[in-house]
Structures are given as structure tokens and as C-alpha cells.
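Here is what each chain is made of, one letter per residue.
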Amino acid sequence: MENEMRAGPATGEVCPPLADDLLRGAEAIAVFVFGHAKHRRKVYYYASDAKVRLPVFRIGNVICARKSRLMEWIKFQEVNL
């Protein structure tokens, strides 16, 4: 079941399981975006107070993000300088 792919609901395209795309916690997001867990405060800042906000959401009290959505957001930021 690890390597099983599932079809997307609307398109029928094969996509990886959601768990492979999900980052849970500010530390995990900081490692993915900034390269080190010590930047987790930046994640909280960019998730709430910054002019340009990170695309994050909460599951209970845990801040979460999708890797794929973060990559899209970064590409968008690069194009719109």
C-alpha cells in the first residue's frame, strides 16, 4: 500500500498519497522552506502577520502545509517580483 497511487477525485489523474505531500508542524515547514528547524518562528510570522502569507492551514492547533502548494507559492513569488 506504500507505493499505491490513487486517482484524483475530479480529474482521474494518478497522484501520490496525501501523507507524502503533507508537512505537520512549523519545524517541518521551516526545514522544507528555509532548510533548518531553527527558522520555525519565520513560519509563524509568514503564516499570519506578513504581507505575503505562506499557504498554510491548521489541523487543530498544528500548523500544516502541502509541499506541492508551497512549491507553487514559491514559483509564484519568483515570477511576481
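Refer to the structure presented above.
Residues numbered from 1 in each chain as written. Predicted model: local features only at pLDDT ≥ 70, side-chain atom pairs only at ≥ 80, totals over all residues. Heavy atoms only, no water.

**Side note on the overall build of the chain**
The secondary structure content of the chain amounts to three helices and five strands. Mapped from its N terminus to its C terminus, the chain presents α and β elements in the order β-β-β-α-α-β-β-α. Burial status across the chain gives 22% buried among its 81 residues. In the chain, of all internal contacts separated by at least 6 residues, the share reaching a separation of at least 24 is 35%. About 6200 Å² of surface is accessible on the chain, with carbon and sulfur atoms providing 54% of the total. (Helix = DSSP H or I, 4+ residues; strand = E, 2+ residues; numbered from the N terminus. Buried < 20%, exposed > 50% of the residue type's maximum accessible area, 1.4 Å probe, protein only. Contact = heavy atoms within 4.5 Å. Areas by Shrake-Rupley, 256 points an atom, 1.4 Å probe, with all protein chains shown as cover.)

**Here we look at the nonpolar core**
Of all hydrophobic cores here, the largest spans 11 residues; its members are Leu23, Ala26, Ile29, Ala30, Val43, Ala47, Leu54, Ile63, Ala65, Leu70 and Trp73. Those elements that place two or more of their residues in this core are α1 (26-34), α2 (40-48), β5 (62-66) and α3 (67-79). A per-element tally of this core places α1 first, with three residues. Not counting chain neighbours up to four residues away, the residues in contact with leucine 70 comprise Leu23, Ile29, Phe32, Val33, Leu54, Pro55 and Ala65. (Core = buried A, V, L, I, M, F, W, Y, C linked by side-chain atoms within 4.5 Å.)

**Some thoughts on the packing of aromatic side chains**
This structure, assessed with the given rule, holds two aromatic pairs. Plain terms: the ring middles of tyrosine 45 and tyrosine 46 are 5.2 Å apart, the flat faces sit at 70 degrees to each other, and that makes the pair edge-to-face. Since its relative accessible area comes to 40%, tyrosine 45 is described here as partly exposed. Here the aromatic cluster, defined as three or more aromatic residues joined through ring pairs, consists of Phe34, Tyr45 and Tyr46. Above the plane of the ring of phenylalanine 34 lies lysine 42, whose end atom (NZ or CZ) is 5.1 Å from the centre. (Phe/Tyr/Trp six-rings, centres within 6.5 Å; stacked < 30°, edge-to-face > 60°. Lys NZ or Arg CZ within 6 Å of the ring centre and 35° of its normal.)

**Some points on the packing of α1 against α3**
Between α1 and α3, the least distance of the axes is 11 Å, while the angle of their chain directions is 40 degrees. By the angle between their directions, the pair α1 and α3 is classed as oblique. Where α1 crosses over α3, the handedness of that crossing is right-handed. Seen from α1, the contacting residues are Ile29, Phe32 and Val33; seen from α3, they are Lys67, Leu70 and Met71. The class makeup of the residues in the contact of α1 with α3 is five nonpolar, no polar and one charged. (Axes fitted to C-alpha atoms, helices over the stretch in contact; angles between N-to-C directions. Parallel < 35°, antiparallel > 145°, perpendicular 65-115°, else oblique. Left-handed = near helix turned anticlockwise from the far one by under 90°. Nonpolar A, V, L, I, M, F, W, Y, C, P; charged D, E, K, R; others polar.)

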